[in-house]
Every structure is written in structure tokens, then in C-alpha cells.
Amino acid sequence: MKLSSLQLARYQYQPKLPGMLRNGISEICVKDGAPTESVADQEKIKALFPNTYGKNEITFQKGANTSPAKKQVVGVILSGGQAPGGHNVICGLYDALKATNKDNVLYGFKGGPSGLLEDSYVIFDDEYIDQYRNTGGFDIIGSGRTKLETEEQFAVVAEVCKKHGITAIVIIGGDDSNTNAAVLAEYFAAHNTGVQVIGCPKTIDGDLKNEDIECSFGFDTATKTYSEIIGNIQRDANSAKKYWHFVKVMGRSASHVALEAALQTQPNICLIGEEVAAKKMSLAQIADYIADSVAARAAKGWNFGVAIIPEGIVEFVPEFSVLIAEINELLAGSKADAFNVLPSWEAKYAFIEAGLTKESMAVFAILPQSIQQQLFLERDPHGNVQVSLIESEKLFSAMVKENLAARKAAGTYNGKFSALHHFLGYEGRCAFPSNFDADYCYSLGYNAFMLIQYGFNGYLSKVSNLSKSAEEWVAGGMPITKMMNIERRHGHDKPVIRKALVELDGAPFKFFEANREQWAVETCYVYPGAIQYFGPSEVCDQPTRTLALEKA
Ligand code: FBP
């Protein structure tokens with residue numbers, strides 16, 4: 001394989017550990033914190049996790065390592081969507097494991113949770129690991145979206161662990177995967193398997209965070225990558241002065257990615273799904289809001305601009321989520337077959353018109369035909385509309401165009417509107433991790449092994465104080481049950497880690513809110529440029545604006 005010069009240079013990068021983990025394995029000891037309780041529904045969560053609930057938060061500190069001298073055989077999986085830094089979690093885990101005892105073994109189960117069920121694995125050695133240091137991607141072992149959640153699956157995993165003598169499993173994943181890590185940890189404890197489970201917080205979406213987890217890994221690199229591209233688009237827009245760019249960014253439900261990109265680049269418009277839901281905005285109101293900016297800028301002679309649209313926006317628009325629910329119902333079970341055999345779009349349209357309520361039909365009718373058809377094309381394995389595949393950037397630009405046409409007819413607007421569309425998602429998920437993510441991920445993995453070595457089960461690897469230099473980061477662990485509450489999922493009450501949506505009274509949104517009126521009508525673009533891996537710390541090691549504002 002031909003390697004780029006950056007890849008070769010990144011192999012040499014030594015990720016920074018928190019100060020307390022820097023003195024060598026023999027100098028890391030545990031400092032016990034307070035017992036924990038879940039963020040809500042304490043009695044119910046306690047009853048569901050009798051063996052793992054209520055344990056103490058812990059931090060590591062410098063001091064004699066008192067962990068038992070036990071050979072460790074650890075299995076690791078990557079779960080869900082790619083996020084920059086996943087390789088470094090595994091590298092950090094491997095380095096701590098081998099530094100503790102060179103006979104320790106690290107298994108990497110392939111293709112996500114299904115690798116554990118199918119007993120498909122590699123055993124890491126130096127040569128294998130060294131090819132992946134500080135690189136993006138999850139190709140070291142692959143990932144997958146199989147959920148590990150049933151007792152039958154847990155029994156299979158227990159068998160696989162027994163077969164290889166595995167003492168601990170590390171699950172690198174998002175809120176769902178770490179919820180399942182907690183359930184697996186409880187199962188292992190209840191069945192006296194002696195196997196521990198440790199989670200690591202991953203997702204570019206940034207929605208796995210709470211008072212303990214300051215951010216999930218990958219968010220930093222992904223948002224810096226998107227911001228670089230948005231900045232470049234803004235510079236092009238400001239140079240050519242003839243296009244409005246509608247840029248959809250990933251983030252399946254929460255709008256953290258969009259908000260962070262807006263804080264970094266200061267576009268004219270950024271929609272925030274959580275605000276749209278709180279204000280119960282309709283599609284027409286959103287289009288009107290964007291059109292106001294287009295018109296105000298046109299009045300200054302600026303027929304260009306940039307609007308950031310979060311991927312999950314449509315689910316936050318109340319009338320649209322009702323429409324989606326009705327469509328899911330309309331096509332439930334065998335009804336989908338009856339729909340699919342209809343010979344033309346006209347026939348399908350009549351079927352839809354007969355099946356939707358008047359209100360939802362009114363929403364459906366204003367959508368561009370391409371979006372109408374998307375709603376009926378792509379279904380997930382449960383038969384539901386895949387909202388993330390809806391081209392909302394095109395939906396809103398089409399609606400803005402119509403809105404502007406009405407303004408033109410009324411004589412209140414006399415500009416030109418030419419829209420271009422972009423979707424930024426996969427571009428950011430496997431980028432070379434920024435120094436922040438390279439350091440954070442390596443620390444999470446290293447720390448995960450220390451949690452294993454000290455016998456913890458059902459804990460999330462926790463590295464905090466992240467807005468400071470790595471030297472000041474604090475390493476430790478938090479029982480996953482502390483982050484749980486009961487939520488209704490697929491008709492059942494389930495213990496889950498609460499998904500973190502954008503807080504409308506949080507500092508990042510407040511900053512955006514205080515500035516966006518000016519950004520909407522003036523040209524205040526910021527051009528962040530590419531992620532820098534080598535150079536002064538103020539250029540290379542900065543955390544996201546979200547983190548900086550939250551911790552300010
Ligand atoms: P995770 O929540 O698993 O980290 O994945 C997030 C994400 O990148 C979303 O932003 C996006 O909607 C989705 O994955 C895409 O999924 P897929 O990789 O299956 O296309």
C-alpha cells in the first residue's frame with residue numbers, strides 16, 4: 001500500500017495522555033469518588049441493575065499501582081458509524097495492556113457487535129497496531145450496527161469469552177451501544193462470568209454527552225472538517241457573489257454538528273432542530289425565515305449566502321413528523337405491497353391522498369415532487385421512512401424559491417436566487433483525527449485498560465477537563481447506570497442513556513442566538529481552513545467552540 005507523507009508523519013505522532021497517566025503503568029492508582037445514582041428513575045434502574053448500580057465514580061492519580069497481577073485477555077469492538085479516532089482508542093488500549101504485561105492479549109472482533117456473536121476476530125500485535133496509529137477510519141477491524149441486547153446474544157458472547165479466556169470486553173460506541181454495554185455488564189455480573197465490560201463514548205453527532213462525558217470522540221475532527229469545507233464554500237460564495245449554498249450536515253437527530261459548524265464559520269443561516277421543535281415552526285415558517293435573509297441581503301446587492309441545515313431537521317418540524325408517522329402507518333405491513341404495485345406516480349399519489357389526513361396531505365402537497373417520492377422510496381429494516389435520506393437542503397431551497405417568487409409578485413423583493421446543494425457527512429467521519437481526537441481517543445483507550453486492570457465492570461471510560469491542555473485532563477471512570485433513565489422505545493419502557501440534544505439555554509446556542517441576526521444580513525464569514533496537525537498549539541490543539549463555550 002502506498003502511504004501519503006501525512007500518514008507517515010502521523011505514525012510518528014505521540015498522543016498526549018492526561019498528566020496523571022503519564023508516569024508509567026506502575027504509577028497509576030485509583031482515587032475513589034462518591035457512590036452514584038442514575039440521573040432519573042433511580043428505583044427502576046436500581047432494580048434492573050442490582051449488581052452494577054450505585055458504584056462509585058473513580059479517578060486515577062499518581063501513586064503505586066495496586067491492581068492485582070492477573071493476565072488480561074481483552075476483546076474490543078467498534079459499534080455504529082465511523083468517527084475519527086477509533087483506531088487510537090484501540091492503540092491506547094493495546095499499549096496500556098502490553099505495558100502492564102507483555103503476555104496480555106487483545107482480540108479485535110470484526111465488523112462490530114456481530115463479530116462477537118460470530119466469533120470473528122484478529123489478535124493484535126505490534127505490527128498490526130502500528131499501521132493504524134493516529135489514522136482515521138474504523139478499518140482496523142470494521143464496525144457494524146447489529147445491536148447486542150437480548151439474553152440469547154449475551155449467552156453467545158459469554159460462550160465466546162469462555163472459549164478464548166476473555167476477561168473483559170471494551171465496547172466503543174454511541175448512546176445505544178453503551179446502554180447495551182451496561183446491560184451486558186449486568187448480565188455478566190449476574191451470571192458470575194468474571195468478564196468485565198467497559199464502554200467508550202463515540203459518535204460524530206456529539207449527542208452522547210452529559211454532566212460526566214464532556215464530548216464524544218470524533219465530533220471534534222468531523223466538525224472541523226465540515227467547517228473547513230463550509231468556510232471554503234463561503235469564500236467561493238463571497239468571491240462569485242451569485243449563489244446561495246444550502247449545506248446539509250450530518251447529525252441524525254441532534255443539531256450539535258450544525259451548531260458547531262455555525263460557530264466556527266458564521267454562515268448567514270443555520271437551522272437548529274431543537275429550536276424548530278420548541279417554537280413548533282412549520283415548514284413554511286422556516287422557509288420564510290431563510291427568505292428574509294435572502295431578501296435582506298439582496299437589498300444590499302448580495303445575491304449570495306450560505307445556509308446550514310442539520311440532517312435530522314425534518315423530524316423536529318411538528319407537522320412533518322406527523323406526516324412521517326402517517327406514512328409509516330399507511331405503508332405498514334402488507335399495505336406497502338399494494339402501494340408498490342401501483343403503475344404510476346399519479347396512481348400512487350391518489351393512494352396517498354386517500355390515506356393521509358387532510359392536515360398531513362396539505363403538508364405533503366407543498367413538498368417538491370422529488371421529496372414526495374423520497375418519502376416512499378427508502379425504508380429502514382422496520383419499514384419506516386429513513387428521514388436522514390430526505391434531501392432537506394433541496395426541500396428548503398425549493399420552498400425558499402417559492403417564497404421569493406411570492407415576494408417578487410408582491411413587489412417586496414427584487415433579487416436573484418440561484419441555489420446550490422451540498423451534503424457533508426461521510427467526508428468527516430474518517431478524516432485523520434485532529435490532535436484533540438488523537439489524544440482524547442488514545443487516552444480513552446489507555447484509561448479503559450486501567451479500569452479493566454482495577455476490576456471495574458459496567459463503567460464508561462471517562463476523560464474530562466477537555467477544554468484545558470491534555471496535561472490537565474482528568475482520567476477515570478463512571479458507572480454507565482449513572483447516565484440512565486427510563487424511556488419509551490418501540491412500545492416498551494427501557495433503561496437508556498439519555499440522548500443529549502442541543503440545549504437552548506446552553507452557552508453555545510446562546511452565543512449563536514446573540515449573533516445570528518447580524519450574520520444573516522451581513523457577511524461575517526470565518527474561514528477556519530484545514531485541520532493542522534503540526535505547528536503551534538493554538539492552531540493545532542484547540543477544542544471545539546461548543547466545548548470552549550460550555551466550559552468558559
Ligand atoms: P453513530 O450514531 O453510530 O455514531 O452514527 C452517526 C451517523 O454518522 C449519523 O450522523 C448519520 O446519520 C448516520 O451515522 C449514517 O449512518 P450510516 O453509516 O449507516 O449511513
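Quick notes on the rules
Residues numbered from 1 in each chain as written. Predicted model: local features only at pLDDT ≥ 70, side-chain atom pairs only at ≥ 80, totals over all residues. Heavy atoms only, no water. Helix = DSSP H or I, 4+ residues; strand = E, 2+ residues; numbered from the N terminus. Rg over C-alpha atoms; globule rule 2.2 N^0.38 Å. Buried < 20%, exposed > 50% of the residue type's maximum accessible area, 1.4 Å probe, protein only. Contact = heavy atoms within 4.5 Å. Areas by Shrake-Rupley, 256 points an atom, 1.4 Å probe, with all protein chains shown as cover. Lys, Arg positive; Asp, Glu negative; His and termini not counted. Charge placed at Lys NZ, Arg CZ, Asp CG, Glu CD. Salt bridge = Lys/Arg side-chain N within 4 Å of Asp/Glu carboxyl O. Near = heavy atom within 4 Å. Polar contact = N/O pair within 3.5 Å; in protein donor to acceptor, adjacent residues only side chain to side chain. Nonpolar A, V, L, I, M, F, W, Y, C, P; charged D, E, K, R; others polar. Core = buried A, V, L, I, M, F, W, Y, C linked by side-chain atoms within 4.5 Å. Expected span 1.5 Å × (residues − 1). Pairing = 2+ DSSP bridges. Axes fitted to C-alpha atoms, helices over the stretch in contact; angles between N-to-C directions. Disulfide = S-S within 2.5 Å. Right-handed = clockwise from strand over helix to strand, strands pointing away.

### Some remarks on the overall build of the protein
Thought 1: Helix and strand counts for the protein come out as 23 helices and 16 strands.
Thought 2: Whereas a compact globule of 552 residues would reach a radius of gyration of roughly 24 Å, the protein reaches 25 Å, a difference of no more than 12%.
Thought 3: Each principal axis of the C-alpha atoms in the protein carries an extent, and together these give about 80 × 60 × 50 Å.
Thought 4: For the protein, the proportion of its 552 residues judged to be buried stands at 56%.
Thought 5: Once local pairs closer than 6 in sequence are excluded, the contacts in the protein between residues at least 24 apart make up 78%.
Thought 6: For the protein, the computed accessible surface area is about 22300 Å², with 51% contributed by carbon and sulfur atoms.
Thought 7: For the protein, the distance from the average site of its 53 positive side-chain charges to the average site of its 64 negative ones is 3 Å.

### Regarding the pattern of salt bridges
Thought 1: Across all of its chains, the model carries 26 salt bridges by this definition.
Thought 2: Aspartate 176 is the salt-bridge partner of lysine 147, the closest N and O atoms lying 3.3 Å from each other. Remark: aspartate 176 occurs in helix H7 (residues 175-190) and lysine 147 occurs in the loop between strand E6 (143-144) and helix H6 (151-164); sequence separation between them is 29 residues.
Thought 3: Aspartate 175 is the salt-bridge partner of lysine 499, the closest N and O atoms lying 3.1 Å from each other. Linking lysine 499 in the loop between strand E16 (492-497) and helix H21 (507-521) with aspartate 175 in helix H7, this pair joins segments that are 324 residues apart in sequence.
Thought 4: By relative accessible area, lysine 499 is classed as partly exposed at 33%.
Thought 5: Through salt bridges with shared partners, one network takes in Glu57, Glu211, Asp212, Lys462 and Lys482.

### Re the site of the ligand
Thought 1: Around the ligand, 13 residues are found, and the nearest of them are Gly81, Thr203, Asp205, Tyr426 and Arg429.
Thought 2: Within the backbone of glycine 251, an N or O atom sits 3.4 Å from an oxygen atom of the ligand.
Thought 3: Within the side chain of tyrosine 426, a nitrogen or oxygen atom sits 2.6 Å from an oxygen atom of the ligand.
Thought 4: For the ligand, whose free accessible area comes to 480 Å², the fraction covered by protein is 80%.
Thought 5: Considering only residue class, the shell around the ligand consists of 3 nonpolar, 4 polar and 6 charged.

### Regarding helix H9 (residues 256-265)
Thought 1: Among the 10 residues of H9, 10 are classified as buried, and the element is accordingly described as predominantly covered.
Thought 2: Of all the positions in H9, only His256, Val257, Ala258, Leu259, Glu260, Ala261, Ala262, Leu263, Gln264 and Thr265 are classed as buried.
Thought 3: Looking at the buried positions of H9, the neighbouring elements they touch are helix H8 (219-240), strand E9 (244-249), strand E10 (269-270), strand E11 (305-310), H21 and helix H23 (545-551).
Thought 4: Of the residues trailing H9, glutamine 266 is marked for its positive phi of about 55°.

### A few points about the nonpolar core
Thought 1: Ranked by size, the top nonpolar core spans 118 residues in total, and within it Phe60, Ile90, Phe124, Phe188 and Tyr440 carry the most contacts.
Thought 2: Not counting residues within four places of it along the chain, the set of residues in contact with phenylalanine 60 comprises Met20, Leu21, Ile28, Cys29, Val30, Asn447, Met450, Leu451, Tyr454, Ala475 and Gly476.
Thought 3: Among the nonpolar cores identified, the runner-up in size contains 48 residues, and Phe316, Leu323, Phe396 and Leu404 belong to it.

### Here's the deal with helix H20 (residues 435-453)
Thought 1: A rise of 1.5 Å per residue sets the reference length of H20, with its 19 residues, at 27 Å; its end C-alpha atoms lie 27 Å apart and thus fit the reference within 8%.
Thought 2: Where burial is concerned, most of H20 is hidden: 19 out of the 19 residues are buried.
Thought 3: Immediately beyond the C-terminal end of H20, within one or two residues, lies glycine 455, with a positive phi of roughly 85°.

### Examining the environment of alanine 158
Thought 1: On the secondary structure map, alanine 158 appears in helix H6.
Thought 2: Taking the C-alpha atoms as reference points, alanine 158 and threonine 193, separated by 35 residues in sequence, lie 7.3 Å from one another.
Thought 3: Apart from residues lying up to four places away in sequence, alanine 158 is in contact with Tyr187, Phe188 and Thr193.

### Describing the environment of valine 314
Thought 1: Here valine 314 shows up in helix H12 (residues 313-316).
Thought 2: On a C-alpha basis, the gap between valine 314 and leucine 395 in space is 9.8 Å, while along the polypeptide they are 81 residues apart.

### Observations concerning unusual backbone geometry
Thought 1: A positive phi angle, close to 55°, is found at aspartate 41, a residue other than glycine.
Thought 2: With respect to the helices, strands and loops of the structure, aspartate 41 is situated in the loop between strand E1 (28-35) and helix H2 (42-48).

### Some thoughts on the sheet that holds E11
Thought 1: If you trace the 4 strands from one edge of the open sheet to the other, you get E10-E11-E9-E12, paired in parallel fashion. Where the open sheet ends on each side, the last strands, each with one partner, are E10 and strand E12 (419-424).
Thought 2: Here E9 runs beside E12; their pairing, made up of 6 bridges, is parallel. Across the sheet, valine 247 pairs through a bridge with histidine 422, a residue of E12.
Thought 3: Contacts from H9 reach E9, E10 and E11 within the one sheet, and its direction differs from that of E11 by about 155°.

### A closer look at the state of the cysteines
Such a bond, covalent and formed between the sulfur atoms of two cysteines, is termed a disulfide.
Thought 1: Considering all chains together, one arrives at 0 disulfides under this definition.
Thought 2: Take cysteine 441: it sits in no disulfide, and the sulfur closest to it among the cysteines is that of cysteine 200, at 8.7 Å.
Thought 3: Overall, the relative accessible area of 0% leaves cysteine 441 in the buried class.

### Comments concerning the pairing of strand E7 (residues 168-173)
Thought 1: Burial analysis of E7 places 6 of its 6 residues in the buried class, which makes it a mostly covered element.
Thought 2: Going residue by residue along E7, you find Ala168, Val170 and Ile172 tucked away on one face and Ile169, Ile171 and Gly173 tucked away on the opposite face as well.
Thought 3: Bridge count between strand E3 (residues 73-79) and E7: 5 bridges; the pairing is parallel. Counted as the bridge partner of isoleucine 77 is isoleucine 171 from E7.
Thought 4: Note: E7 against strand E8 (residues 196-201), 6 bridges, orientation parallel. Directly across from glycine 173, in E8, lies its bridge partner proline 201.
Thought 5: Handedness of the crossover joining E7 and E8 through H7 is recorded here as right-handed.

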